[in-house]
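# Residue-level structure breakdown
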Amino acid sequence: MTSLSALSATTRLSAASTSTSTSSSSRRDRVAPLAGRRVRGTSRSPRARARAAAETAAGGEGGGGGSTPTPTPTPTPTSFASDRTRDILTRLEASSSSSSASALGAGGRTTLAALEGLDAAWARTRAGQFPPRPSTPYVRVHPGETTTGFDDAAAADDADAFDVVVCGGTLGILVATALQRRGVKVAVVERGPLRGRAQEWNVSRAETAALVDVGALTREDVDACVMIEFNPIRCGFHNSGAKDLVTRDILNTGISPERLVARCRERFEDAGGVVFENSTLGGVEVFDDAARLDVNGAPIRARLVIDCMGFGSPIVRQIRGDMKPDGVCVVVGSCAEGFENNDGADLIYTCTDIEEDYRGQYFWEAFPASTGPTDRTTYMFTYMDADEKRPSISSMLDDYWDLMPKYQGLNSIEDVNVKRVLFGTFPTYRDSPLRTDFDRVMQIGDASGIQSPLSFGGLAAILRHITRIVGAVEEALDADALDRDALRAVNDYQPALSASWLFQRCMMVPYDSKPRRRDFINELMTINFGVMESLGDDVLRPFLQDVVTFKGLGRTLVSMTLTKPLFVPNILAQAGAGPILDWFKHFVALGVYDALASPAKALMTPAGEFQALPKRARFMIRRKLEAIVYGAGRDQVE
Ligand SMILES: Cc1cc2nc3c(=O)[nH]c(=O)nc-3n(C[C@H](O)[C@H](O)[C@H](O)COP(=O)(O)OP(=O)(O)OC[C@H]3O[C@@H](n4cnc5c(N)ncnc54)[C@H](O)[C@@H]3O)c2cc1C
């Protein structure tokens, strides 16, 4: 296997402290304490009125959807959480003994300070207030220069020279372990402790096989990370009049991120991998022969830097610039004990129409949790753009406290014992997956934008792509195909991903042109799921697993047009002409990729490896073949 030679590091890395604390002085959204309130059957007008009053008092943030939206810039508030949310989080923090509260990956921080910090960042994004750019760019390229001319190269130390440095250890450790165990010399740089969060990740059992196939874990390791499995899986929509759609084996497995990361780390270090923990990547300099990484102020070297630093990656920010995301999925939820009915899961469910103030259509997911027979995780999420008028995460949490009992058939939130409060924002960009701007640097995980704009399943997304990614990195090292063009080919255009955009758009409520009817999205979902169910599992199951295929999508659209011709103009009006035209382009590309996918798959077999060609040409051809197969959605796991 490939290896770097004679690269140096003079200083050992020391622990860095990270902090997310946010000061809080004023209250944004005040909601009456919940004790004793009965929520079932609650009229929704008081909730909207309470919000409006709180928002007026607080200066106009949130809400949206009024008839005369006025995008008046408002100062970013320093505190968002209502008394009720504060009480719940403060009580949980006081009683918590869990050390994993400090896991830094997405959804790992569940404290009041983390909520306030995330809400402040979300408010700044909506206001277009991006943090000032560093005086020196985070990634600097030195064309024509090599590390040998660099001041610390004289003290070359092979111990700090790697083939690959993976920055960000949450999902990064999965890829790092697979590479290390295949003979690549790898280091992981993680700003916090290298630890997975306590809250389970839900994926489909079949998807976990990729970790074994790629060599990151053994089957026994994977089994030890599976905390719970459940069925059936339900999808249903408010007032649909139709029976719930019931399926099996999709997102039906709860994986422990704590165990997954710990077990991978063990196998990574056993195989010689190096972990720089509590170590912050401060910047990257790209030279012709290697990249030099600043880790807690000390240099390490790599032939390839893999950026797995999540949505907040400073490298992604440098590439994307100060640009608001095209769409955002905001999710809030909890893991709580006391659900008598805890047998199956909900993949997507609604129990209300579009909110009265048009802030969005709330969707739900629910999964049994492994911590106890009546423990259940419930998530409430909605799609929106990053307009200034969009609601805070905290005000969505207030809606969650009100609506979750109704959704789960409880009398009140007091019926359950909340064990953990969950929240996150998932920014999505139409220009995804992200293609790198730099030689020797590429993105994976949330940073890469490879996951569906519809779901927040980042583990599921990397499981779908890990075989492709690990193979591509090995081949890139072997062929020395580490320049920008070669690495962009690894994250090439995927029409299946781009075509999903229209669905997010259709499920989002534009605050300035609200749909005529508040049940529009429920009706759309009812029709869409009804049609897919009638077309059979070939159409339904890939879609439920975030995979869009040409035939599935085409048949669904034709069937919808034939069965509900009068509803189609509503969809076109909701989505808007621009997005529809843009989508059509991707739909056509999806058709072309679909036609090419079978021959592409055949060429990807060893017999078709174009042995006579130079390594770099082979590398580029294989990436194109993979882009066709994955881009056509022909990789789905059953
Ligand atoms: C509430 C919630 C529920 C979710 N549920 C599911 C689910 O059921 N199933 C599923 O598949 N996914 C789920 N997800 C999504 C999943 O958690 C993410 O997709 C996943 O964590 C992404 O991992 P990542 O490593 O790409 O990024 P992140 O999790 O964001 O991790 C990035 C890492 O990079 C590190 N880092 C950042 N900057 C630096 C730096 N300068 N130097 C060094 N290190 C740095 C961070 O400390 C962090 O550990 C959920 C997310 C949330 C918020």
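On a predicted model such as this, the values are computed, not experimentally measured, just so you know.

## Here we look at the overall build of the protein
A count of helical and extended segments in the protein gives 19 helices and 18 strands. The 638 residues of the protein split such that 52% are buried. Of the contacts made within the protein by residues no fewer than 6 positions apart, 80% connect residues no fewer than 24 positions apart.

## Description of the sheet that holds strand β8 (residues 253-255)
Pairing within the open sheet is antiparallel, and its 3 strands lie in the order β4-β8-β5. Looking at strand neighbours, the two that pair on one side only are β4 (201-203) and β5 (226-229), the edges of this open sheet. On average, each strand axis in the sheet is inclined to that of its neighbour by 30°, with strand direction left out of account. Pairing between β4 and β8: 3 bridges, direction antiparallel. Paired with Trp201 across the two strands is Ile255, which belongs to β8.

## Comments concerning the sheet that holds strand β16 (residues 375-384)
Strands sit in the order β7-β6-β14-β15-β16-β13-β17 across an open sheet of 7 strands; the sheet is mixed. Among the strands making up the open sheet, the edge pair consists of β7 (245-247) and β17 (417-428). In this sheet, neighbouring strand axes are inclined to one another by 15° on average, regardless of whether the strands run parallel or antiparallel. Here 6 bridges tie strand β15 (residues 363-368) to β16, and the two strands are oriented antiparallel to one another. From the neighbouring strand, Ala366 faces β16, where its bridge partner is Thr378.

## A word on unusual backbone geometry
Here the bond from Asn231 into Pro232 is cis, since omega is -5°, no more than 30 degrees from zero. Residue placement: Pro232 occurs in the loop between β5 and β6 (233-236). Residue Pro433 follows Ser432 across a cis peptide bond; omega there is -5°. Checked against the element boundaries, Pro433 lands in the loop between β17 and β18 (441-443). Residue Asp546 is not a glycine yet carries a positive backbone phi of 70°. Inspection of the secondary structure puts Asp546 in the loop between α15 (537-544) and α16 (550-563). Using a count of 22 C-beta atoms within 10 Å as the deciding quantity, one classes Asp546 as buried.

Here is what the cut-offs are and how they apply
Residues numbered from 1 in each chain as written. Predicted model: local features only at pLDDT ≥ 70, side-chain atom pairs only at ≥ 80, totals over all residues. Helix = DSSP H or I, 4+ residues; strand = E, 2+ residues; numbered from the N terminus. Buried ≥ 20, exposed ≤ 12 C-beta atoms within 10 Å, placed from the backbone. Contact = placed C-beta atoms within 7 Å. Pairing = 2+ DSSP bridges. Axes fitted to C-alpha atoms, helices over the stretch in contact; angles between N-to-C directions.

It is worth stressing that arrangement in space is one thing and function is another; only the former is reported here.
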